[in-house]
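Report on the structure
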Amino acid sequence: MKYLAKIEEAFIAITLMAATLVLFINIVLRAGFSANTTWAEEFIRYCMIWITFIGSALCFRRGLHVGIDLFVEFLSKPGQKIVRLLVYVCSLVMLVFMAKYGYDLVQFSQRTGQITPSLRIEMFWVYLAIPIGAILSIIHVIERMVGLLRGHEPTSEAGEESV
């Protein structure tokens, strides 16, 4: 799992740097030379889509998704464990649907031959972020669930457990 984590983090870092660089160059071209690239905005948008879905998986791994702990704090330790398991199960159900329908969208896009307006790449490459992000998230949620059931669920990197 450490290799997967490193790949996710490297992908996000490289994609974010690429989007930032293209944005900077586009701003310089627009402000300094009254020139504009037609593809830069589209490229940045697609980078942000990929960063969002892979970043979501990263947040599941680190336990950093937003949660409301107020009522959980009043529960006993076994009660807190049950609520966390329920949250993980609900997350898994949602992620399985997201992976399935994301895959269907990728297949549809491949069959119809959709391409992006400016970059002229096949649209399924953009849509592929949905099932990949969902599958990575599923892996991390299962990992956290197993840890919780074994009694040693990792805490979030913020130092607190979130539900």
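Calculation notes
Residues numbered from 1 in each chain as written. Predicted model: local features only at pLDDT ≥ 70, side-chain atom pairs only at ≥ 80, totals over all residues. Heavy atoms only, no water. Patch = residues over 30% accessible without salt bridge, like charges linked within 9 Å, V, L, I, M, F, W, Y side chains within 5 Å. Areas by Shrake-Rupley, 256 points an atom, 1.4 Å probe, with all protein chains shown as cover. Salt bridge = Lys/Arg side-chain N within 4 Å of Asp/Glu carboxyl O. Buried < 20%, exposed > 50% of the residue type's maximum accessible area, 1.4 Å probe, protein only. Disulfide = S-S within 2.5 Å. Axes fitted to C-alpha atoms, helices over the stretch in contact; angles between N-to-C directions. Helix = DSSP H or I, 4+ residues; strand = E, 2+ residues; numbered from the N terminus. Parallel < 35°, antiparallel > 145°, perpendicular 65-115°, else oblique. Left-handed = near helix turned anticlockwise from the far one by under 90°. Nonpolar A, V, L, I, M, F, W, Y, C, P; charged D, E, K, R; others polar. Expected span 1.5 Å × (residues − 1). Contact = heavy atoms within 4.5 Å.

A cluster of nonpolar residues, Leu 21, Phe 24, Ile 25, Val 28 and Phe 33, forms a patch on the protein surface that exposes about 510 Å² of accessible area. On the basis of relative accessibility, which here comes to 35%, the residue Val 28 falls in the partly exposed class.

Right, let's get into the state of the cysteines. Here a disulfide denotes one covalent bond, and it connects the sulfur atoms of two cysteines. For the coordinates displayed, the defined rule picks out zero disulfides. With no disulfide partner, Cys 47 has as its closest neighbouring cysteine sulfur the one in Cys 59, 18 Å distant. According to the relative accessible area criterion, Cys 47 is buried, its value standing at 7%. By relative accessible area, which is 27% here, Cys 59 ends up partly exposed.

Below, the discussion takes up the packing of helix α1 (residues 2-33) against helix α2 (residues 40-62). At a minimum axis separation of 9 Å, α1 and α2 run at an interaxial angle of 155 degrees. On the basis of the axis angle, α1 is roughly antiparallel to α2. Here α1 and α2 pass one another in a crossing that is left-handed. Partitioning the contact of α1 with α2 into residue classes produces 18 nonpolar, three polar and four charged.

Between its first and last C-alpha atoms helix α5 (residues 129-150) spans 31 Å; for 22 residues at 1.5 Å apiece the expected length is 32 Å, and the two agree. Among the residues trailing α5, Gly 151 stands out with phi positive, at a value near 90 degrees.

Tallied over the entire structure, the rule returns five salt bridges. As a salt-bridge pair, Glu 8 and Arg 61 come within 3.7 Å of each other at their nearest N and O atoms. In this pair, Glu 8 sits in helix α1 while Arg 61 sits in helix α2, placing the two residues 53 residues apart along the sequence. Assessed through its relative accessible area of 18%, Arg 61 is described here as buried.

Assignment of secondary structure puts Leu 149 in helix α5. Owing to a relative accessible area of 52%, Leu 149 belongs among the exposed residues under this scheme. It is 8.4 Å that separates the C-alpha atoms of Leu 149 and Leu 85, two residues lying 64 residues apart in sequence. Once residues lying within four places of it in the same chain are set aside, the contact partners of Leu 149 are Lys 81 and Leu 85.

Note that every value here comes from positions in space, so none of it alone points to a role or purpose.
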